[in-house]
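# Structural overview
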Amino acid sequence: DNQIPQASISPNMSEQTKNKSGYNLVEGSIRKSLIRMTAPMIVGMLMLFTFSLVDTLFISILGTESLTAISFTFPVTFMVISMAIGLGIGASAVVGSYLGRSDFAKAKQASTVICYISLILATIIVAFCWYFMDEIFHLMGASEQLMGPIREYMVVWFPGSILIVCIFTGNSLLRANGNTKTPSILMAVAGLVNAVLDPLFIFGLGPFPALGIQGAALATLIAWIIGFVYLLHLLAFKLELISRVMPSRSVMASSGREMLRIGIPAAGANMMTPLAAGIMTAIAAGFGDTAVAAFGVGARLEPIATLLILAMSSSLPPLISQNYGAGRMDRVEEAYRLSTRFILGWQLLVYIALAAGASIIAGVFSDDADVVSTIRLFVWILPLSYGFQGIIILTNSSLNAMHRPLSALYLSFTRFFLFYVPLAFVGSLLFGLPGFFAGAFLGNLVMAVISWRTFNSALHGEQQILEKAA
């Protein structure tokens, strides 16, 4: 990958890097910076993934067919969200590196261009998915009977997903400035709106019509509209992190090229997650609709169980990108090692809690004996690998922040299409559903080792570049 020129830290960096919304991340305690930035992100991520979990919980009351239908939508909705996350990673890396070099003018230009690019790309992707909606879900194994409720949900969700991409990009710009509190508050409010509106639209409480599965999509759409309007006002008027006028062609070309160089591979890497989830859903469909329903519940539980990983994957890149821009590779190494070691221990504690409460968790989502049994099996096996998955996710985030998106893309491709999905498929052939989950576990373990070694190699390469430059 092309390298961003490194810069030394100026004596008064603390004053230079402060602006209306941000913090200096190239000085002070790494541990304290991670805690300060991650704590608000936990709340934001919790509310973000509570969207789908709350939808699933209310929709499960409608019956197994509705639960199965919403489970089929998860890989597709997560595909769009993953694209948004990837573009956000590109935004954070580019803007963060400018801030690390105290180049605030270019940071604002890049932020403005990034917002336009995200809007355009989101519109193109959503239009494609809308046009091929039936073909996509049929490829995943959805029956014609299920296509009715799937269409009802997606025709509302797809238009709103354009706003999702814009919100993720805007939040990434705030995080690049070291501000994780504001994005978390925004996500918390949107999540609360969604949770309040869900039962009103799904079951038709009070004056509201009973819309069933479509009501869940409508509740989410309204929550995203509120979040988008607030964020646009914040970025353009209150904090002035983006320009209110259209950038020149030269600025669009230069800033857009740099953002896309990181954002497109990062989006591609993130979109492999739902693509793999779609393939995994198709494999689960071979065991019947109850297995799909159970796997869908497990897929929605995973973001909650890995909440701290996901929060750190958003708070770690701004810290790394600012220090990368300032040439502080010692601080980059310290941040990565602190994060990955902590995650391994934390996720082990999470697994113990999940395994102990597996029966209770399964009973919350279904009273179908087969679905309950499969959810319980999922919880007993796959979450044990979430610590290894954390190493993979944090490594990819760190590599993107170091402007090595192709390395992150390579790791994502290797994980899903050489280990995670193939081992799960082989396990399902040999040992049924237990082998399906165990194969996925083994894929995460192998990739954690590969990811760790890849990051250390990249770090060593950056240190050699700095030594030669000195």
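Residues numbered from 1 in each chain as written. Predicted model: local features only at pLDDT ≥ 70, side-chain atom pairs only at ≥ 80, totals over all residues. Heavy atoms only, no water.

## Focus on the environment of Ile117
- Mapped onto the fold, Ile117 is located in helix H4 (residues 104–131).
- Expressed as a C-alpha distance, the spacing of Ile117 and Met252, which sit 135 residues apart in the sequence, is 9.1 Å.
- Contact partners of Ile117, with chain neighbours within four places excluded, come to Gly256, Met259 and Leu260. (Helix = DSSP H or I, 4+ residues; strand = E, 2+ residues; numbered from the N terminus. Contact = heavy atoms within 4.5 Å.)

## Re the environment of Ala293
- Looking at the secondary structure, you find Ala293 in helix H10 (residues 289–305).
- We classify Ala293 as buried; its relative accessible area is 0%.
- Sequence separation of Ala293 and Thr64 is 229 residues, and the distance between their C-alpha atoms is 7.2 Å.
- If sequence neighbours within four positions are ignored, Ala293 has contacts with Leu67, Thr68, Ser71 and Val371. (Buried < 20%, exposed > 50% of the residue type's maximum accessible area, 1.4 Å probe, protein only.)

## Some details on the pattern of salt bridges
- Considering all chains together, one arrives at five salt bridges under this definition.
- Glu144 is the partner of Arg151 in a salt bridge, and the nearest nitrogen-oxygen pair spans 3.2 Å.
- Among the charged side chains, a salt-bridge network with shared partners connects Asp134, Glu144 and Arg151. (Salt bridge = Lys/Arg side-chain N within 4 Å of Asp/Glu carboxyl O.)

## Here we look at the side chain of Asn396
- Relative to the elements of secondary structure, Asn396 occurs in helix H15 (residues 386–401).
- Taking the relative accessible area as the measure of exposure, Asn396 reaches 12% and is therefore buried.
- Residue contacts for Asn396: discarding those within four places in its chain leaves Ala408, Leu411 and Ser412.

## Notes on a nonpolar patch on the surface
- On the surface, Phe342, Trp346, Leu348, Leu349, Ile352 and Leu384 cluster together into a nonpolar patch covering about 590 Å² of accessible area.
- Given the relative accessible area of 55%, Leu349 is considered exposed. (Patch = residues over 30% accessible without salt bridge, like charges linked within 9 Å, V, L, I, M, F, W, Y side chains within 5 Å. Areas by Shrake-Rupley, 256 points an atom, 1.4 Å probe, with all protein chains shown as cover.)

On their own, these measurements won't tell you what the molecule is for.
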